[in-house]
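Structural characterization, general
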Protein chains: 2
Amino acid sequence: MDRHADPIGRMVAQLSRLPGIGRKSAQRLAYYIASQPEEWVRELAETLLRGRQDIRICSRCGNYAAMDPCALCEDTKRQHDIVCVVRDPRDVAAIERMREYTGGYHVLHGAISPMEGIGPEDIRIRELLARVGTEAISEVILATNPDIEGEATAAYIARLLKPFVVRVTRLAHGMPVGGDLEYVDEVTLGRAFQGRREM
Amino acid sequence: MDRHADPIGRMVAQLSRLPGIGRKSAQRLAYYIASQPEEWVRELAETLLRGRQDIRICSRCGNYAAMDPCALCEDTKRQHDIVCVVRDPRDVAAIERMREYTGGYHVLHGAISPMEGIGPEDIRIRELLARVGTEAISEVILATNPDIEGEATAAYIARLLKPFVVRVTRLAHGMPVGGDLEYVDEVTLGRAFQGRREM
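The rules behind each value
Residues numbered from 1 in each chain as written. Chains lettered and ligands numbered in written order. Predicted model: local features only at pLDDT ≥ 70, side-chain atom pairs only at ≥ 80, totals over all residues. Heavy atoms only, no water. Helix = DSSP H or I, 4+ residues; strand = E, 2+ residues; numbered from the N terminus. Expected span 1.5 Å × (residues − 1). Buried < 20%, exposed > 50% of the residue type's maximum accessible area, 1.4 Å probe, protein only. Core = buried A, V, L, I, M, F, W, Y, C linked by side-chain atoms within 4.5 Å. Contact = heavy atoms within 4.5 Å. Salt bridge = Lys/Arg side-chain N within 4 Å of Asp/Glu carboxyl O. Pairing = 2+ DSSP bridges. Axes fitted to C-alpha atoms, helices over the stretch in contact; angles between N-to-C directions. Phe/Tyr/Trp six-rings, centres within 6.5 Å; stacked < 30°, edge-to-face > 60°. Buried area = accessible area lost by both parts, 1.4 Å probe. Polar contact = N/O pair within 3.5 Å; in protein donor to acceptor, adjacent residues only side chain to side chain. Right-handed = clockwise from strand over helix to strand, strands pointing away. Parallel < 35°, antiparallel > 145°, perpendicular 65-115°, else oblique. Nonpolar A, V, L, I, M, F, W, Y, C, P; charged D, E, K, R; others polar.

**Digging into helix α2 (residues 23–35) of chain A**
Across its 13 residues, α2 of chain A extends 18 Å between first and last C-alpha, which sits within 8% of the 18 Å expected from 1.5 Å per residue. Listed in full, the buried residues belonging to α2 of chain A are Ser25, Ala26, Gln27, Leu29, Ala30, Tyr31, Ile33 and Ala34 of chain A.

See below:
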């Protein structure tokens with residue numbers, strides 16, 4: 001049977017391209033989608049495509065947002081002189097769920113990784129320098145992941161910013177080494193914020 | 001922040017409706033989709049919607065297919081006097097992967113379940129009777145799941161068809177190949193004893 005004439009096979013192939021979705025999961029999902037009313041599937045497809053189309057990257061902090069600048073950057077109740085630097089937009093969501101941090105953010109969209117050929121110029125470090133040069137920033141909190149790339153990125157940025165920013169801090173270890181910031185529980189994440197130290 | 005003004009939130013809500021996709025997985029998928037090029041997401045969305053639109057249910061066997069009758073029913077190399085009765089289209093795919101069975105199928109699209117208010121008239125038993133009445137069928141293999149609903153469905157169909165079909169069979173129960181006797185549940189082990197055969 002021609003694979004491309006087979007609607008289920010096409011769906012399985014496409015769903016298998018999603019992260020964490022193996023062949024078995026893709027099959028389960030494809031058969032489930034096949035069993036749903038067409039309107040249900042249309043809503044799913046349109047939500048994904050429109051969601052992607054509606055996403056802006058805030059020109060100031062780099063976070064995903066519906067508008068530019070984003071709601072977080074426009075929030076006058078937040079302390080914008082403190083900037084928390086993270087790798088991904090998902091990390092902003094994780095920190096916001098903690099409900100303790102009230103400063104601003106800077107999303108790098110990646111980490112320095114010589115192994116993968118990602119250098120400082122490939123992530124949003126230039127934009128961070130521009131902010132340090134134009135905004136009144138009193139503290140930069142480096143909240144990149146506690147893994148090799150995250151530590152290297154934090155060390156690189158710390159060296160770069162120290163002459164220009166009063167406090168450059170790193171989240172305390174309290175986070176499990178080798179862990180992923182997004183999966184750290186709120187209490188541990190809160191301790192890590194409280195115990196942050198000078199770099 | 002208005003949940004519906006938030007593209008990521010909308011994607012997470014929609015993806016959480018898929019089976020086996022919890023909140024964490026939905027978030028991971030939504031952020032991944034957000035990070036992909038728009039064309040990639042369009043292809044995903046269109047494959048799912050078109051896949052659903054292209055799916056036909058074969059009017060003979062009830063399997064999902066691109067055409068009606070399906071390629072399996074049209075395959076003259078298969079023994080269409082043997083019909084394997086299964087609950088779902090996924091079961092057909094599982095049996096086909098085995099590459100040993102060369103007969104036809106009949107997909108019920110469900111199982112009898114008084115608990116869920118699903119009676120014999122709600123699944124494709126009427127269509128099976130029509131086939132038995134019009135096709136030359138020498139054996140019906142009942143391959144519904146070995147759970148309460150599957151056993152009840154098999155028993156019901158067996159009673160119904162026995163006067164009209166020479167052989168009505170049920171898949172053997174027994175030890176899973178490669179399994180460990182110590183870890184096989186008592187009911188399965190009991191069935192394996194009952195079904196023991198000469199060596």
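**Quick look at the nonpolar core**
The nonpolar side chains of a soluble globular protein tend to be buried, and buried together. If you look at the biggest cluster of nonpolar residues, it comprises 41 residues, and the most contacted ones within it are Ile8 and Leu15 of chain A together with Ile8 and Leu15 of chain B. Mapped onto this core, the elements with two or more residues apiece are α1 (7–15), α2 and α3 (38–54) of chain A together with α1 (7–15), α2 (23–35) and α3 (38–54) of chain B. For Leu15 of chain B, the residues in contact, after removing those within four places along its chain, are Leu44 and Leu48 of chain A together with Ile21, Ala26, Leu29, Ala30 and Ile33 of chain B. By size, the runner-up hydrophobic cluster in this structure holds 25 residues, among which are Val92, Ile95, Tyr101 and Val184 of chain A.

**Comments concerning the side chain of Thr153 of chain A**
Among the structural elements, Thr153 of chain A can be located in helix α7 (residues 148–161). Setting aside residues no more than four positions away along its own chain, Thr153 of chain A makes contact with Leu108, Ala111, Ile112, Ile123 and Thr144 of chain A.

**A look at the pattern of salt bridges**
For side chains bearing opposite charge, pairing can occur when the charged atoms are close. Scanning the model with the defined rule gives 22 salt bridges over all chains in all. Note that Glu135 of chain A is salt-bridged to Arg131 of chain A, the shortest N-O span being 3.0 Å. Residue Arg131 of chain A is classed as buried on the basis of its relative accessible area, which comes to 5%. Residue Arg42 of chain B pairs with Glu39 of chain B through a salt bridge whose shortest N-O separation is 3.1 Å. Placement of the pair is Arg42 of chain B and Glu39 of chain B together in helix α3, with a separation of 3 residues, close to one helical turn. One network of salt bridges, in which partners are shared, links Glu38, Glu39 and Arg42 of chain A.

**Topic: the sheet that holds strand β3 (residues 79–86) of chain B**
All names here are of chain B. Taking strand neighbours across the sheet as the criterion, the 4 strands line up as β4-β3-β5-β6 in an open arrangement whose pairing is parallel. Two strands lie at the open edges of the sheet, namely β4 (103–107) and β6 (167–170), each paired on one side alone. In this sheet, neighbouring strand axes are inclined to one another by 25° on average, regardless of whether the strands run parallel or antiparallel. One ladder, built from 5 bridges, connects β3 with β4; its direction is parallel. Among the inter-strand pairings, Val83 is bridged to a residue of β4, identified as Gly104. Each of β3 and β4 touches helix α5 (residues 89–98); the most contacted strand, β4, lies at about 160° to it. Set on the sheet, helix α6 (residues 125–134) makes contact with β3 and β4; between it and β4 the angle comes to about 145°.

**Some remarks on the packing of aromatic side chains**
Counted according to the given criterion, the structure contains 6 aromatic pairs over all chains. Considering the side-chain rings of Tyr31 of chain A and Tyr64 of chain B, the 6.2 Å spacing of their centres and the 20° angle between planes classify their relative orientation as stacked. Taken together, the residues span two chains, with Tyr31 of chain A in helix α2 and Tyr64 of chain B in strand β2 (residues 64–65). Assessed through its relative accessible area of 14%, Tyr64 of chain B is described here as buried. Consider the rings of Tyr101 of chain A and Tyr105 of chain A, whose centres lie 5.3 Å apart with planes at 65°: the pair is edge-to-face.

**Section: the interface of chain B and chain A**
The interface of chain B with chain A comprises 47 residues on the first partner and 49 residues on the second. Roughly 4700 Å² of surface becomes buried between chain B and chain A when both sides are summed, with 67% attributable to carbon and sulfur atoms. When the area that chain B buries against chain A is broken down by residue, the three leading residues are Tyr31, Leu48 and Arg52 of chain B, summing to 14%. Here chain B and chain A share 4 salt bridges between them. The partner of Glu43 of chain B in a salt bridge is Arg17 of chain A, with the nearest N and O atoms 3.5 Å apart. Counting across the chain B and chain A interface gives 14 residue pairs in polar contact (both at pLDDT 80 or more). Of all the elements in the fold, those that place two or more residues in the side of chain B that touches chain A are α1, α2, α3 and α5 of chain B. Per-element tally for the side of chain B that touches chain A: the top contributor is α3 of chain B, with 15 residues.

**Focus on the pairing of strand β4 (residues 103–107) of chain A**
Every regular strand shows the same layout, with side chains that alternate between the two sheet faces. Counting buried positions along β4 of chain A gives 5 out of 5 residues, so the element sits mostly inside the fold. Once you follow strand β3 (residues 79–86) of chain A into helix α5 (residues 89–98) of chain A and on to β4 of chain A, the crossover reads as right-handed.

**Points about the pairing of β3 of chain B**
Where β3 of chain B meets strand β5 (residues 139–142) of chain B, 4 bridges bridge the pair, whose relative direction is parallel. Paired with Val85 of chain B across the two strands is Leu142 of chain B, which belongs to β5 of chain B.

**Regarding the packing of α5 of chain A against helix α8 (residues 186–194) of chain A**
All names here are of chain A. Packing of α5 against α8 leaves a shortest axis separation of 9 Å and a crossing angle of 95°. It follows that α5 is roughly perpendicular to α8 by the angle criterion. Taken together, the residues of α8 that come into contact with α5 (itself represented by Ala94, Ile95, Arg97 and Met98) are Glu186, Leu189, Gly190 and Phe193. For the contact of α5 with α8, the class distribution of residues is 5 nonpolar, 1 polar and 2 charged.

Keep in mind these values describe shape, not function.
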